Amino acid sequence: MCGIFAYLNFLTPKTRKEIADILIQGLERMEYRGYDSAGIAIDAGEVKDRPHDAIFLFRKAGKVSVLADALEKGSIHLDMTKEYAIHCGIAHTRWATHGSPKDLNSHPQRSNDTSDFVVVHNGIITNYREIKEYLLKKGHKFESETDTEVIAKLIQHVHDRYPDFSFRQLVEIVIQQLEGAFALAFKSRKFPGQLVATRRGSPLLVGIKTNNGRLTFDQFPVSFSKARRFTSTTATHLRDHDESFCGTPTVLDLSIGAVPSGDNASPMSSIRPFGSSAWEVEYFVASDAAAIIEHTKQVLYLEDDDVAFVENGALSIHRIKRGLTEKDKTLPTREVQEINMELQQIMMGSFQTYMQKEIFEQTESVVNTMRGRVLPSGEVVLGGIKEFVADIKRCRRLLMVACGTSYNSAIACRQILEELTELPVVLELASDFLDRETPIFRDDVAIFVSQSGETADTLGALRYCKLHGALVIGVTNTVGSSICRESHCGIHINAGPEIGVASTKAYTSQMLSLLMLALVLSEDRKSMEQRRGAIIDALNNLSGHISDVLKLDSEVKEIAKEIYKEKSLLVMGRGFNFATCLEGALKIKELSYMHCEGIMSGELKHGPLAMVDEDLAIVMVICKDNVYKKSLNALQQVIARGGRPIIIADQSVPDADLAGMPHVLRVPTTVDCVQNILTVIPLQMLSYHIADLNGLNVDRPRNLAKSVTVE
């Protein structure tokens, strides 16, 4: 959801065109996150009637390609061959929350007509109305409908009042006034060649590229600001950010609990990539590693309330005050990490769309999820939770908290977790979990499932459980994400980059990860030995079975041609396949905008049966498992009302039981708790083909974002 990209080159000469191309390319790599407009800000000092240090701001509603085309046409006013040894540029893709998608609401947002300060922002500022009202009274004029513009105006206001403050100090003052979630990157003509980035609740990372490709160190120390208080001559004060505005404020309290002074910097707070006095370095700030992977693999992930500051080619990390977490007390550094990702992994290759590619990658992604974990000896090892297994086994209950597709993966694995661990398993939608302020106990174990590791509701629920003393386990696909860092332990699903907004391979890898968790927690249960052995055998054969399922693609496409114009579709199943129905219905809704409902077939007589007639499109999942006879009963009820459902069945279901059905998609037979991985793939393909036949954007469905980083 939204994407920030900033690029600063220091003593690495680049033409203005090269800089613009890098910014545009960075935005293109993040298009999958979801957006409706885009913009960039670069230096433009030689333009007629502009200051010598002017900033060129270019914003467009629509796709990044629209911005790139408009920039190409509008750049005639700029000398694109002009070379900069030192330059800072920022760029953004916006997903509208405050104000409709239009040029003026796009980012970067500016502080005034001369763009003294420009900012790009991911997230939502919840107290923007109060700040805006105050700034209006101080004479500032607003041109957009966004919450982001108050940030740009506020930093201008503080700078006008305290012109001697450094760029970093100004940003630190501003973010103390903000409530809500944000990631920010700032550029200013008052501070040329400098870049400030910060985050709270929204992901942000810094990539570092040096002239020899390697850094001479692997950690950046964190500097903490020294408390200092300021009072203006007009008795206008800045209120501490912990104190909310009351009613209509007559003053805005700028009296900061902590403002850094220049003499408080740690001797190690600002590190050059090399020990020499002259060095070449490039910095990339991004919401996602996919945006910088072709430039560098060396990154550091910012934590909440970190402020990254680049000045004179040196990067320093600052915090306004010490955090309360153990991590902040014991490790005041930010580690430089190596991204384990290749550029070709985020390219489409020979496929028409990313989603199609990711569906067909599942033969490999499931192997990667199990690699080094499901051993030839039959043992299952999860290194990320190894030290906590004994504590997990002693817990009162297991809670699984997630949203969307991740929630469906939790439903898919609830039954096997209950069966193998004999522990009560509670499922929670993260948003509802927070709304209810659910009781949590110290002997609870809470599992948080999120593909991005940045899902706002899931992250909020994690912090709530952690605060109440529960053991917290993160299950994510993103190393270095907030959920990864804030969990006590975790499982990385290793599905590889997933670019399409509609999750496919991450879903099946999440299911596998939770299934392996169940196997680990039951490893010492003699009574489960035979059951565990059957599951492990099924896992070893899973990749080959998925290959067989993918061969159904052309058959699924023919079915899609018959139903792609339908207005409504029901997907029915029960037992382990209920989650398959929910996930299949979600995929069809996401991609084709068709009304689609996943229904527990056991609930058919309690309402949904009223919808069934000869005109309603229906898909039913029927497998030879412990609910097979009940599933056949549901099928007969549908047939009796004139329904002729499309059937997804495993190969062990007798043809006679499915006689007369117009379409039967056969998948390989495997153990019941793995069968739902095979039955969901035809529904993934069906959703893809329905959307494609309707001419819709499969990778970026309307109104949706890959990473939901706001509540």
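Residues numbered from 1 in each chain as written. Predicted model: local features only at pLDDT ≥ 70, side-chain atom pairs only at ≥ 80, totals over all residues. Heavy atoms only, no water.

Naming follows an unreviewed UniProt entry, where the chain appears as glutamine--fructose-6-phosphate transaminase (isomerizing) of Pristionchus entomophagus. Entered under Catalytic activity (unreviewed entry) in the UniProt record, the comment concerning the chain runs "D-fructose 6-phosphate + L-glutamine = D-glucosamine 6-phosphate + L-glutamate". (UniProt positions renumbered as here; feature names shortened; annotations may be inferred.)

Undergrad: So what's going on with the overall build of the chain? Residues and values would help.
TA: For the chain, the count of helices and strands is 20 helices and 27 strands. Residues counted as buried form 62% of the 711 residues belonging to the chain. (Helix = DSSP H or I, 4+ residues; strand = E, 2+ residues; numbered from the N terminus. Buried < 20%, exposed > 50% of the residue type's maximum accessible area, 1.4 Å probe, protein only.)

Undergrad: How would you sum up the side chain of E486? Please name residues and give values.
TA: Among the structural elements, E486 can be located in helix α13 (residues 482–486). When residues no more than four places from it in sequence are discounted, the contact partners of E486 are L459, L462, R463 and K466. (Contact = heavy atoms within 4.5 Å.)

Undergrad: Tell me what's going on with the sheet that holds strand β13 (residues 298–301), and back it up with residues and numbers.
TA: The strand order across the open sheet formed by eight strands is β3-β2-β4-β1-β12-β9-β13-β17, and the pairing between neighbours is antiparallel. Strand pairing shows two members of the sheet lacking a second neighbour, β3 (55–61) and β17 (337–338), which therefore form its edges. The sheet contact formed by strand β2 (residues 37–43) and strand β4 (residues 83–94) spans five bridges and is antiparallel. For I40, the partnering residue across the bridge sits in β4 and is A91. Relative to strand β1 (residues 3–15), helix α1 (residues 16–29) is tilted by about 155°, and along the sheet it contacts β1, β2, β4 and β12 (281–286). (Pairing = 2+ DSSP bridges. Axes fitted to C-alpha atoms, helices over the stretch in contact; angles between N-to-C directions.)

Undergrad: Describe the packing of aromatic side chains, listing the residues and the values that go with them.
TA: Within this structure, the stated rule accounts for nine aromatic pairs. Measuring from centroid to centroid gives 6.4 Å for F5 and F284, while their planes differ by 45°, and the two rings are tilted. With a gap of 279 residues between them, F5 in strand β1 and F284 in strand β12 connect regions that are remote in the sequence. As far as burial versus exposure is concerned, F5 and F284 are alike and both buried. Summarising the aromatic geometry, the rings of F433 and Y464 are spaced 5.7 Å apart at their centres and angled 90° between planes, so their arrangement reads as edge-to-face. (Phe/Tyr/Trp six-rings, centres within 6.5 Å; stacked < 30°, edge-to-face > 60°.)

Undergrad: Can you lay out helix α19 (residues 628–640) for me, pointing to particular residues and giving the numbers?
TA: Given a rise of 1.5 Å per residue, 13 residues ought to cover 18 Å, and the 19 Å separating the end C-alpha atoms of α19 matches this to within 8%. Residues of α19 that are buried include every one of Y628, S631, L632, A634, L635, Q637 and V638, and no others. Here the buried face of α19 lies against β23 (568–573), β25 (617–622) and β26 (646–650). Where α19 ends, the next residue or the one after it, G642, has phi of about 90°, a positive value. (Expected span 1.5 Å × (residues − 1).)

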